[in-house]
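If you want the building blocks of each chain, they are given just below.
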Number of protein chains: 2
Amino acid sequence: MPLSLDLSPLLAQLEALGAIGAEGPGRGRTRLALTDAERAGRDQLVAWMRELDLIVEVDQLGNIFGSLPAATAEGDREPLMMGSHIDTVRHAGALDGCYGVLAGLAVQRAYRAAGIAPARRLVVAAFTNEEGVRYQPDMMGSLVYAGGLAVDDALASIGTDGSRLGDELARLGYAGEAPCGFLKPWAFLELHIEQGPVLEAAGVRLGLVRGVQGISWQRITLQGEANHAGTAPMAFRHDAGYGAAATVAFLREQITKAAPGTTLATVGSLSLEPDVINVVPERATFTVDLRDPDEGQLAAAEAKLDHFLETLAGEEGLTVHKARLVRFAPVVFHAGLRKRIQGAAEALGVAPLELTSGAGHDAQMMARIAPSAMIFVPSIQGISHNPEEATDPEDLALGAEVLLRVVEDCLALPLGAAP
Amino acid sequence: MPLSLDLSPLLAQLEALGAIGAEGPGRGRTRLALTDAERAGRDQLVAWMRELDLIVEVDQLGNIFGSLPAATAEGDREPLMMGSHIDTVRHAGALDGCYGVLAGLAVQRAYRAAGIAPARRLVVAAFTNEEGVRYQPDMMGSLVYAGGLAVDDALASIGTDGSRLGDELARLGYAGEAPCGFLKPWAFLELHIEQGPVLEAAGVRLGLVRGVQGISWQRITLQGEANHAGTAPMAFRHDAGYGAAATVAFLREQITKAAPGTTLATVGSLSLEPDVINVVPERATFTVDLRDPDEGQLAAAEAKLDHFLETLAGEEGLTVHKARLVRFAPVVFHAGLRKRIQGAAEALGVAPLELTSGAGHDAQMMARIAPSAMIFVPSIQGISHNPEEATDPEDLALGAEVLLRVVEDCLALPLGAAP
């Protein structure tokens, strides 16, 4: 008799966690990493882990792990980890991150309910500061856990409010003793909402995530010369605002439309100085967010941008300053795990859509140290990071069910085998 | 024996007036319209007018007039007016406006020194709020004087600091009783620094101003849809920031480069919302400053911009809101006065360069009610609205000398004749 996933506690926990940090009707909830509101979320999560009689451990960066021990000591050495994060952006939905963590608890609950000790240790992780709103970079907890950033550097991060991350962690009582990386997963699985429109547009209820796009963030400053809008002939101008605008147009028209058309380019932030109606802008500062699932394409887009800026600077008489803010190479998830997800979905009568994640996720960091994969469920209208973020409860159920089936499939493999 | 222009009191007064509102070494002076610092400038100007035993009158908008009466009552009915303004931008130079006012006093002083009562009343005007920094629109005093704006509307203007113009005028003691327009000039002459690079680049010491460019100021708001930079496919985006950038590029590449190439286009101010690195901008607000010496060209540029925005809005899925801030048609100065300036310059051995003013000036408003003309002297490196604004003293002397010769020429015309 197969294990059974009980949907109602999962939905109830999503609702209860979503009520912590609530901002009022229609305004979502705000649990920025390591704030009092997020501590309340952590305390609730730990309480639910204890209800399931899990072993709760917290590492030096405040990552929380709830373990259902394996039937054997050998099985404890090959932990199968699920998880995501419970911190949020401002005015967030209730699903981003939380769904993956609480669905993991639902899988553990299914084992508890059946009275079965799993063949491999079954762990649910909630990683610190995935959103990166208060402290940079985002996906910090999993990045540090996977060895991509020193724990001391992360603890020394200064937040947008001037706070030091390590101080806040200690204040909240979540500065744990376990070294980051103390549990090396045999595999890592992350269930998440899509946060984009692709599944809904395709009419498919489940996403099989091929990988995560690479991401390149730069801040570019163009320095020209202020001048009088009425007296400076066009040919005499060194217009930093025009330079910024030409770059935005170039990114859209030459980068994102170039074959194979997988590159995304966004200029989300732009400001001019002196920002006066009748003065030619002396300085323009803007950000460039480039993403592509293929490292070669991403690097080519960066190189084309560099070349464009160099030409532009020469023609307009500008100087260019570039600051790299974030650079993550694309990640391709583990082929074996992806095949298992495909099989589990098909066994439930669903043909999943293979897609690339546009957003960053903890699984892309965990992929550095363990075979990893992700499952997506649709976001209604593609909306996320917004109080209106939503997923059909039947899709939430399907995602958790698929997660359970993949876990069962993995646990059926002999110890020592690869996933 | 010709009248003689005494340069030293003119230079001394430029220096003394330039010291009022001084901001410290290298930081220029700030006498925004109707502030305490500008009152100190007004008080000094009035004191100098009284030293010359002029009749001082102040109108309802605080425009100041100092008159040297004519030899006859008939001559008093055909006043020849000179002038400009003494308010400044922030961290201004000492010449913009002040040079035209104080050179007018120098011309009156020449008549006083020679003991000659002029054939026509000789008036020097200092118009209120030419710069338009604190209260909109700029050139307000001359605009109201010429009947282009109701005095009550001007008095009701609310400044950037929340003050009401009429209240400040009363507080400073410059709410006069003369109705705006009470002296109808027989002709108006404005001597001014060029504030641009054309004369210096041409190596010519004197500018004969053909007219003033028309000016069109709009504030444009594009409304799109915020979206996730990593998950929103390019084709799904309604990117207000891209729309703004495409408009800036269009203005440069399609408007200013179109024949005959006289149009100037500037986007000096631009802001995005929410202005976050990884969010597709939902809203872009930017200004468009268009100028052309020809009304047909200016209107054509506006129409092309309208058409571009309409097409862009359809393609990108944006809504467009346009607010007109300023619209002045181009002005061509009086042909007869221009010929007299040409003759006066040539009599002093200088061949003036005919050019169009890029900046707005009081003379363009006065041209609505009287034959008007302007004389320019070079600005070193074209710099103005800047503490480094400067003109060679020999060029300042030449400009004032030409102004005196044009005044003499005009006063030699029989009463009742056109200038």
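Residues numbered from 1 in each chain as written. Chains lettered and ligands numbered in written order. Predicted model: local features only at pLDDT ≥ 70, side-chain atom pairs only at ≥ 80, totals over all residues. Heavy atoms only, no water.

Draft legend 1. Helix H13 (residues 393-411) of chain A, seen in detail. Residue and element names in this part refer to chain A. For H13, which comprises 19 residues, the first-to-last C-alpha distance of 27 Å matches the rise-based estimate of 27 Å (1.5 Å per residue) to within 8%. Of all 19 residues in H13, 15 are buried; the element is thus mostly enclosed. Two or three places before glutamate 394, at the start of H13, stands the capping residue aspartate 392, its side-chain oxygen 2.9 Å from that residue's backbone nitrogen. (Helix = DSSP H or I, 4+ residues; strand = E, 2+ residues; numbered from the N terminus. Expected span 1.5 Å × (residues − 1). Buried < 20%, exposed > 50% of the residue type's maximum accessible area, 1.4 Å probe, protein only. Polar contact = N/O pair within 3.5 Å; in protein donor to acceptor, adjacent residues only side chain to side chain.)

Draft legend 2. Region of interest: the interface of chain A and chain B. Residue-level contacts link 47 residues of chain A with 47 residues of chain B. The junction of chain A with chain B conceals about 4,000 Å² of combined surface from both sides, 61% of it contributed by carbon and sulfur atoms. A per-residue breakdown of the area chain A buries against chain B is headed by Met234(A), Arg252(A) and Ile277(A), which together make up 19% of the total. Remark: the boundary between chain A and chain B carries two salt bridges. With a closest N to O distance of 2.7 Å, Glu316(B) and Arg252(A) form a salt bridge. Elements represented by at least two residues in the side of chain A that touches chain B include exactly helix H9 (240-255), strand S9 (264-266), strand S10 (270-273), strand S11 (279-280) and strand S12 (283-292) of chain A. The greatest single-element share of the side of chain A that touches chain B, amounting to seven residues, is contributed by H9(A). Counted by class, the side of chain A that touches chain B contains 23 nonpolar, 15 polar and nine charged residues. (Contact = heavy atoms within 4.5 Å. Buried area = accessible area lost by both parts, 1.4 Å probe. Salt bridge = Lys/Arg side-chain N within 4 Å of Asp/Glu carboxyl O. Nonpolar A, V, L, I, M, F, W, Y, C, P; charged D, E, K, R; others polar.)

Draft legend 3. Examining the confidence of the model for chain A more closely. Counting all residues, the mean pLDDT for chain A is 96, and 100% of those residues have values of 70 or more. Interface scoring of the predicted complex returns ipTM 0.84; its pTM is 0.84. (pLDDT = per-residue confidence, 0-100.)

Draft legend 4. Focus on the relation of the copies chain A and chain B. Its rotation angle being 180°, the transformation that places chain A on chain B also includes 0.1 Å of axial translation and leaves an RMSD of 0.2 Å. Taken together, the rotation and translation describe the operation of a two-fold axis. It is Ala245(A) whose C-alpha, among those of chain A, lies nearest the rotation axis, at 2.1 Å. A share of 100% of the interface residues of chain A reappears at the interface of chain B, consistent with the copies meeting face to face through the same patch. (Least-squares fit on C-alpha atoms with pLDDT ≥ 70 in both.)

Draft legend 5. View of the pairing of strand S7 (residues 214-223) of chain A. All names here are of chain A. For S7, a buried count of eight out of 10 residues is recorded, marking the element as mostly surrounded by other parts of the structure. Relative to S12, S7 is paired through 10 bridges, and the arrangement is antiparallel. Within S12, the residue paired with leucine 222 across the bridge is alanine 284. Here S7 runs beside strand S13 (residues 319-328); their pairing, made up of nine bridges, is antiparallel. Looking across to S13, one finds that tryptophan 217 is bridged to valine 326. (Pairing = 2+ DSSP bridges.)

Draft legend 6. View of the packing of H9(A) against helix H9 (residues 240-255) of chain B. The interhelical angle for the contact between H9(A) and H9(B), taken along N-to-C directions, is 115°, at an axis separation of 8 Å. In this structure, H9(A) meets H9(B) at a crossing whose hand is left-handed. Here Gly241(A), Tyr242(A), Ala245(A), Val248(A), Ala249(A), Arg252(A) and Glu253(A) of H9(A) come into contact with H9(B), specifically with Gly241(B), Tyr242(B), Ala245(B), Val248(B), Ala249(B), Arg252(B) and Glu253(B). Partitioning the contact of H9(A) with H9(B) into residue classes produces eight nonpolar, two polar and four charged. (Axes fitted to C-alpha atoms, helices over the stretch in contact; angles between N-to-C directions. Left-handed = near helix turned anticlockwise from the far one by under 90°.)

Draft legend 7. Highlighting the pairing of strand S2 (residues 64-68) of chain B. Residues and elements named next belong to chain B. Most of S2 sits out of view: five of its five residues are buried. Every second residue of S2 is oriented toward a common face, with Ile64, Gly66 and Leu68 on one face and Phe65 and Ser67 on the other, all of them buried. The pairing of strand S1 (residues 55-58) with S2 spans four bridges and is antiparallel. Residue pairing in the sheet places isoleucine 55 in a bridge with serine 67 of S2. Between S1 and S2, which pair antiparallel and follow one another directly, the connecting turn spans five residues, one of which, glycine 62, has a positive phi of 85°. As paired strands, S2 and strand S4 (residues 122-126) are joined by five bridges and run antiparallel to one another. For isoleucine 64, the partnering residue across the bridge sits in S4 and is alanine 126.

Draft legend 8. View of the pattern of salt bridges. Residue and element names in this part refer to chain A. Taken as a whole, this structure holds 44 salt bridges over all chains when the rule is applied. For arginine 39, the salt bridge identified is with aspartate 36, shortest N-O distance 3.6 Å. Within this pair, arginine 39 and its partner aspartate 36 are both found in helix H2 (residues 36-51), separated by three residues, close to a single helical turn. According to the relative accessible area criterion, aspartate 36 is partly exposed, its value standing at 45%. For glutamate 354, the salt bridge is made with arginine 338, and the minimal N-O distance between the two is 3.5 Å. Remark: arginine 338 occurs in helix H11 (residues 335-347) and glutamate 354 occurs in strand S15 (residues 353-357); sequence separation between them is 16 residues.

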